[in-house]
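Coordinate analysis (summary)
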Amino acid sequence: SRSAVSKGKRISLLRQIWRNRILYLLLTPTIFGMILFHYYPAVQALWGSFQSWNGRRAHFIGFYNYEYFLQDPRLIQSWVNILLLLIFNVISLAAPLLVAYLIYRLPNDRHRYMYRVAVVLPVIVPSFVFIVLWRWLFSLDGGINLILRAVGIDSRAIWLGSADTALGSLMFMGFPWVDAFTVLIILAGFIAIPHELLDAAAVDGASGWRRFFKIEFPQISGQMKVLLILTFIGTLQDFGRSLFMTKGGPGWSTMVPGLRMYYAFTQDADYGYASAIGVVLFILIFVLTLINQRMVRGSDG
């Protein structure tokens, strides 16, 4: 009978758990830590998003925080800013793609290795040093204005202090936008292209840009799709650049959703509204993560 089969499966499962009890015991602290520091805060934030909550008192207000989410002028501007940053970050993927392709086409393995090391080497520089350097470059007497004056342009621009140039300055950070992680992923895709396919393309007369667009680029489409989704996720999550460089200003010109959530929590003590922003960001990032997983499985197949 079905009940007997079900009972037999439960007994078999319990026996397997008992045989591997040491493994389950070792996993318990990890699972407990994930529940305590990851899942519980997420559930609490979801519940808090339906409350007016200042850290001491809380009462249920329904969907009011989400209604204000659609009306908050600072948050509306932050979505405009994040969209512009997202478009720029997607376009800037062309830089690591070009660098990876140039390294891939080097005929000498030793030179290829040297350039890979040169691309990865900046990773060892602490991010704080990176921020301090770019803040100096954008300052009134910083590197960019000094270069402009050296070529005859009397620049007194305060790049991060003007609403007209602040967001563009944040986009310019990291020039030439060659991220080591991105370069290595794309380069691995190029290296994995079967030599037989390239030999067949050479026999057919495919070379130069024709070879790139017809043969090589389609072969790394899986890597490019994954990087595209990771760029979406990283852009939505990031607010450190705006926080440390401009604090979201001047005005709201560099405000992003993550920073608006941070200020709602730290400055306004409006924990309910901050939770609502966090929930929306979580849903967006979760959906993008699912899409990313599907792309990874599709590229593996």
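Preceding this paragraph is the structure being described.
Here we look at the overall build of the protein
Looking only at helices and strands, one finds 16 helices and 2 strands in the protein. Against the compact-globule benchmark of 19 Å for 301 residues, the protein has a radius of gyration of 26 Å, which places it well outside the compact range. C-alpha atoms of the protein, sized along the principal axes, occupy 80 × 60 × 35 Å. Per-residue burial over the protein gives 32% buried out of 301 residues. Long-range pairs, those at least 24 residues apart, make up 63% of the contacts in the protein between residues at least 6 apart in sequence. A total of about 19500 Å² of accessible surface is found on the protein, and carbon and sulfur atoms cover 67% of it.

Comments concerning the nonpolar core
Note that soluble globular proteins tend to have their nonpolar side chains buried in a common cluster. In this structure, L97, A100, Y104, I186, F190, I220 and M224 are the most contacted members of the largest nonpolar core, which totals 20 residues. The set of elements that each furnish at least two residues to this core consists of α5 (94–104), α10 (180–191), α11 (195–203), α12 (208–219) and α13 (221–237). Discounting residues that sit within four places of it in the chain, I186 has contacts with P96, L97, A100, I220, M224 and L227. Of all hydrophobic cores here, the second largest spans 14 residues; its members include L85, M171, V256 and I285.

Points about helix α8 (residues 143–150)
Within α8 the residues assigned to the buried category are G143, I144 and N145. Where α8 is buried, its residues touch α7 (127–138). G152, located one to two residues past α8, shows a positive phi value of around 95°.

Topic: unusual backbone geometry
With an omega of 10°, the peptide bond between F175 and P176 qualifies as cis. Its location among the elements puts P176 in the loop between α9 (166–172) and α10. Here the residue pair G249 and P250 is connected by a cis peptide bond, since its omega of -5° sits within 30 degrees of zero. Mapped onto the elements, P250 comes out in the loop between α14 (240–245) and α15 (257–266). Positive phi, normally seen in glycine, also occurs at K247, with a value near 55°. Secondary-structure assignment places K247 in the loop between α14 and α15.

Quick word on the environment of A95
Position of A95 relative to the elements: it lies in helix α5. A95 sits 82 residues away from W177 along the chain, and the two C-alpha atoms are 6.4 Å apart.

A look at a nonpolar patch on the surface
Nonpolar side chains collect at one region of the surface, where Y113, M114, V117, L121, I124, V125, F128, V129 and V132 lie side by side and expose about 900 Å² of accessible area between them. Those elements that provide at least two residues to the nonpolar patch are α6 (109–120) and α7. Mapped onto the elements, I124 comes out in the loop between α6 and α7.

A look at the packing of aromatic side chains
For the coordinates displayed, the defined rule picks out 27 aromatic pairs. Between F50 and F63, the aromatic rings sit 5.3 Å apart at their centres with planes inclined by 90°, giving edge-to-face as the arrangement. A residue pair is termed long-range when its members are at least 10 positions apart, and F50 in the loop between α2 (21–48) and β1 (51–53) and F63 in the loop between β2 (58–60) and α3 (64–69) qualify at 13 residues. When the ring centre of W18 is taken as reference, the NZ or CZ atom of R21 above it lies at 4.2 Å.

Here is what the cut-offs are and how they apply
Residues numbered from 1 in each chain as written. Predicted model: local features only at pLDDT ≥ 70, side-chain atom pairs only at ≥ 80, totals over all residues. Heavy atoms only, no water. Helix = DSSP H or I, 4+ residues; strand = E, 2+ residues; numbered from the N terminus. Rg over C-alpha atoms; globule rule 2.2 N^0.38 Å. Buried < 20%, exposed > 50% of the residue type's maximum accessible area, 1.4 Å probe, protein only. Contact = heavy atoms within 4.5 Å. Areas by Shrake-Rupley, 256 points an atom, 1.4 Å probe, with all protein chains shown as cover. Core = buried A, V, L, I, M, F, W, Y, C linked by side-chain atoms within 4.5 Å. Patch = residues over 30% accessible without salt bridge, like charges linked within 9 Å, V, L, I, M, F, W, Y side chains within 5 Å. Salt bridge = Lys/Arg side-chain N within 4 Å of Asp/Glu carboxyl O. Phe/Tyr/Trp six-rings, centres within 6.5 Å; stacked < 30°, edge-to-face > 60°. Lys NZ or Arg CZ within 6 Å of the ring centre and 35° of its normal.

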